[in-house]
Amino acid sequence: CPLGPALLFVKTSQGKEEGRRFYACSACRDRKDCNFFQWEDEKVSEARLAAREEYNRNHQPSFTHRQNVERYKNFVLLPLSKRRFCQESEWEKHSDHQFLCDISTAQLKSPSQLLYPLENKKTNAQYLFADRSCQFLLDLILDLGFRRVLSVGTPRLHEMIQSKASQEDDFRVRSLLLDIDFRYSQFYTEDEFCHYNMFNHFFFGGEAARETCRKFLYQGNGERVIMVTDPPFGGLVEALASSFKKLMAMWKETEKEGHNNQEMPMFWIFPYFFESRILEFFPSFSMMDYQVDYDNHALYKHGKTGRRQSPVRIFTNLTPSMIVLPAEEGYR
Ligand code: SAH
């Protein structure tokens, strides 16, 4: 389907031992967003295959990443009064979309503030970190001595790192964003963003994008890498874990001397009630107490102002004692 290889699911009905297996879209949990469906044992005719290919071609963004990088360069040359930006998309008809005018350079450095979050629960589920949580994550990463962050579905963390790197001379951390939201290709070069599906480990940019990721994971000059991910909470843990293991394997391959059987350090941000599922796939992980807060999530905001305490936690394969939680927020 347009979002890369489908996943194999099984339909079970009560009372029956074996269910029937079928392929469906890896990323869209709503048939309205992607209606790809095929029984595992179904014969697919040549005509249907051709139609599918045609459909996939027509459902790609109208500009390539490279073209978007060019458009960005031209955009910043425009006088302020001509810098208009559609907050919804860059490839559909804009007639009923909201425009923002007089886009400043500072605004271009904070795309997550400029773009509307794609909140549709069953596909993007874009919930942005509250500033406090994002700052905490970055401080933690710095304190732990990491110099590279593979940001998988964490555009706001990526943005915080990018903007510090461009403003502060002595800030040496770099980030690569992997995300399915192609709108980010309007703001970042091919070395800063890869269009990626974390449910099937699919790089939309093909081998070149995969190579970008591989290069980024190579820890030359002792620059240590950590992966941070905050997937949609409705996503299948099994599919995510399988992709993350592939990213970990990529990290491992890049290191010639080997890591003494270490794993790529990782923060997986997810609700606490998935603890047993995550540990099933990553037995070396522990769940931290820190509550991760969000800006645009009515329920998952900070205890004092939101309606409820956030159930979202950090799972990590680092030694828990290395992770110092902020006393000023009441952790001890
Ligand atoms: N809290 C994070 C955002 C998490 S929301 C932050 O503030 O940076 C989930 C993110 O995962 C969104 O950016 C969304 O676009 C991305 N995403 C959703 N489905 C995805 C998929 N299948 N593959 C890759 N990224 C995906």
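Residues numbered from 1 in each chain as written. Predicted model: local features only at pLDDT ≥ 70, side-chain atom pairs only at ≥ 80, totals over all residues. Heavy atoms only, no water.

Caption draft 1: Summary view of empty space enclosed by the protein. Scanning all chains against the criterion turns up 1 cavity of 30 Å³ or more. Here the largest cavity defines a volume of roughly 350 Å³. Along its surface, the largest cavity is lined by 26 residues, and Asn 124, Gly 153, Met 198, Asp 230 and Pro 232 are the ones closest to its centre. Looking at the lining of the largest cavity, the elements with two or more residues in it are helix H6 (155-167), strand S7 (174-179) and strand S8 (193-197). Tallied by class, the residues present in the lining of the largest cavity amount to 17 nonpolar, 6 polar and 3 charged. (1 Å grid on protein atoms, 1.4 Å probe; cavity = no way out; pocket = protein on both sides within 12 Å on 5 of 7 lines; lining within 4 Å. Points joined across faces, edges and corners; volume = space filled by probe spheres on them. Helix = DSSP H or I, 4+ residues; strand = E, 2+ residues; numbered from the N terminus. Nonpolar A, V, L, I, M, F, W, Y, C, P; charged D, E, K, R; others polar.)

Caption draft 2: Here's a closer look at the site of the ligand. In the neighbourhood of the ligand, 23 residues make up the surrounding shell, with Tyr 127, Phe 129, Arg 156, Asp 179 and Asp 230 lying closest. Interatomic distance of 3.0 Å between a backbone N/O atom of Pro 155 and an oxygen atom of the ligand. Coverage of the ligand by the protein amounts to 99% of the 570 Å² it exposes when considered alone. The pocket occupied by the ligand, as judged from atoms lying within 2 Å of grid points, is the largest cavity. Where the shell around the ligand is concerned, the elements lending two or more residues are H6 and S8. With 3 residues, H6 is the single largest residue contributor to the shell around the ligand. Taken together, the residues of the shell around the ligand break down into 13 nonpolar, 6 polar and 4 charged. (Near = heavy atom within 4 Å. Polar contact = N/O pair within 3.5 Å; in protein donor to acceptor, adjacent residues only side chain to side chain. Areas by Shrake-Rupley, 256 points an atom, 1.4 Å probe, with all protein chains shown as cover. Sits in = over half its atoms within 2 Å of the grid points.)

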